[in-house]
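Overview (structure and organization)
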Amino acid sequence: MSNQVTRQAPILEVDHLNVKYGTFTAVRGISFEVAGGEIFGLLGPNGAGKTSTLSAIEGLLKPTAGAISVCGFDIAAKPLHARANMGVQLQATSFQQELTITEIVRLYARIYGVAITEDEIREKLASINLADAARKKIAQLSGGQQQRVSLLISTIHNPRLILLDEPTTGLDPQSRRYLWQRIEQFRDLGHAVVITTHSMEEAEAVCDRIAIIDHGSIIAIDSPAALIERNLNNPAVLEVVRKGKVTLEDVFIGLTGSAIRS
Ligand SMILES: Nc1ncnc2c1ncn2[C@@H]1O[C@H](COP(=O)(O)OP(=O)(O)OP(=O)(O)O)[C@@H](O)[C@H]1O
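Residues numbered from 1 in each chain as written. Predicted model: local features only at pLDDT ≥ 70, side-chain atom pairs only at ≥ 80, totals over all residues. Heavy atoms only, no water.

1. A few points about the domain arrangement of the chain
Under the domain assignment used here, the chain contains domain 1 (1-85 + 160-223) and domain 2 (93-158). Averaged C-alpha coordinates put domain 1 and domain 2 at centres separated by 24 Å. Between domain 1 and domain 2, the contact holds 15 residues from the first and 11 residues from the second. A buried area of about 1000 Å², summed over both sides, lies between domain 1 and domain 2, and 63% of it is on carbon and sulfur atoms. Looking only at domain 1, the three residues that lose the most surface to domain 2 are Tyr 178, Leu 179 and Arg 182, adding up to 40% of its buried area. (Domains from an automatic or database assignment. Contact = heavy atoms within 4.5 Å. Buried area = accessible area lost by both parts, 1.4 Å probe.)

2. Quick word on the site of the ligand
Contacts to the ligand come from Tyr 21, Phe 24, Ala 26, Pro 45, Asn 46, Gly 47, Ala 48, Gly 49, Lys 50, Thr 51, Ser 52 and His 198. For the ligand, an oxygen atom lies 2.6 Å from a polar atom in the side chain of Thr 51. Here the ligand, which alone exposes 630 Å², has 59% of that area covered by the protein. Counting only elements with at least two residues in the shell around the ligand, the list comes to strand E2 (24-35) and helix H1 (50-58). Sorting elements by how many residues they give to the shell around the ligand places H1 first, with 3 residues. Residues that form the shell around the ligand fall into these classes: 5 nonpolar, 6 polar and 1 charged. (Near = heavy atom within 4 Å. Polar contact = N/O pair within 3.5 Å; in protein donor to acceptor, adjacent residues only side chain to side chain. Areas by Shrake-Rupley, 256 points an atom, 1.4 Å probe, with all protein chains shown as cover. Helix = DSSP H or I, 4+ residues; strand = E, 2+ residues; numbered from the N terminus. Nonpolar A, V, L, I, M, F, W, Y, C, P; charged D, E, K, R; others polar.)

3. Considerations on the pattern of salt bridges
If you walk through the whole model with that rule in mind, you get 7 salt bridges. A salt bridge links Asp 119 to Arg 122; the shortest N-O distance between them is 2.6 Å. In this pair, Asp 119 and Arg 122 are both assigned in helix H4 (residues 118-127), 3 residues apart and thus about one turn of the helix distant. Given the relative accessible area of 48%, Asp 119 is considered partly exposed. The closest approach of N and O atoms between Asp 188 and Arg 187, which form a salt bridge, is 2.6 Å. One salt-bridge network, in which partners are shared between bridges, spans Arg 187, Asp 188 and Asp 208. (Salt bridge = Lys/Arg side-chain N within 4 Å of Asp/Glu carboxyl O. Buried < 20%, exposed > 50% of the residue type's maximum accessible area, 1.4 Å probe, protein only.)

4. Considerations on the packing of aromatic side chains
Counting across every chain of the model gives 2 aromatic pairs. Here Phe 95 and Tyr 108 contribute two aromatic rings whose centre-to-centre distance is 5.5 Å and whose plane-to-plane angle is 90°, an arrangement assigned as edge-to-face. Highlighted residues: Phe 95 in the loop between strand E6 (86-88) and helix H3 (101-111) and Tyr 108 in helix H3, separated in sequence by 13 residues. Across from the ring centre of Tyr 178, 5.0 Å away, lies the NZ or CZ of Arg 148, which sits over that ring. (Phe/Tyr/Trp six-rings, centres within 6.5 Å; stacked < 30°, edge-to-face > 60°. Lys NZ or Arg CZ within 6 Å of the ring centre and 35° of its normal.)

5. Things to note about the nonpolar core
Formed by 28 residues in total, the largest nonpolar core has its most connected members in Leu 12, Phe 32, Ile 57 and Leu 161. Among the elements of the structure, strand E1 (10-21), E2, strand E3 (38-43), H1, strand E4 (65-70), strand E7 (161-165), strand E8 (192-196) and strand E9 (209-214) are those that each provide at least two residues to this core. Not counting residues within four places of it along the chain, the set of residues in contact with Leu 12 comprises Phe 32, Glu 33, Val 34, Ile 57, Ile 68, Ser 69, Val 70, Leu 161 and Val 194. Counting 26 residues, the second largest nonpolar core, distinct from the first, contains Leu 164, Cys 207, Ala 220 and Leu 227. (Core = buried A, V, L, I, M, F, W, Y, C linked by side-chain atoms within 4.5 Å.)

As structure tokens, then:
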């Protein structure tokens, strides 16, 4: 939790969410809330159900049971209202490859009904250190630059809820730090941010709270520091400690097991 911001009312409420693919249950009874001014991490081994959970929140996938609301709007009953309040980070490959970065920003502003002048587009690109790349196409940018564009687009309509699926995978430490700072700025402005990551370092560095998901269920939920504290004497965790001091990764492996997932 940011020191400057008092915890606000929930922006995202997920209540006993179930997702099935055919007869296979990918998400079983997941419940959590994310408040404004909070960065919430979804962690879990491959196949745990993180993307399925995000897809249900985004309205891309119909849950088999449970309810999701964004800013009080039920995603099933008021999908347009709910989606107007959320920003979803897209992959670089999802953008129109033939357009320049400026044209992409202009296009998405229009899609989201945001009035934006050419000067404002220039300012926005400058704010993510991409003033010089305004005429470049997305494929001509580095991975870090693409992720900055992607975050800019997903937040162009100033959504209260921001959903980021592994936003820093493959980035160098500088680009990763830069994105962390941008994400924290949104948090400090009172937005709610949900992030999935496989990086325990990232979870510890930016997440105020995390949920560890395994086999479709939340098995632990708290701040990273509290999860470590609570598991300092957990034999399953102590068995996997590598460097004498219990880390979030040790807690994660201790709770989810060492077996490689398919
Ligand atoms: N469209 C689908 N049809 C059938 N099964 C699916 C489908 N999408 C996901 N699954 C299965 O549902 C489970 C959860 O998948 P999901 O992608 O939500 O996991 P994840 O935690 O995001 O994994 P990863 O870390 O690998 O991205 C997995 O067992 C996966 O194989």
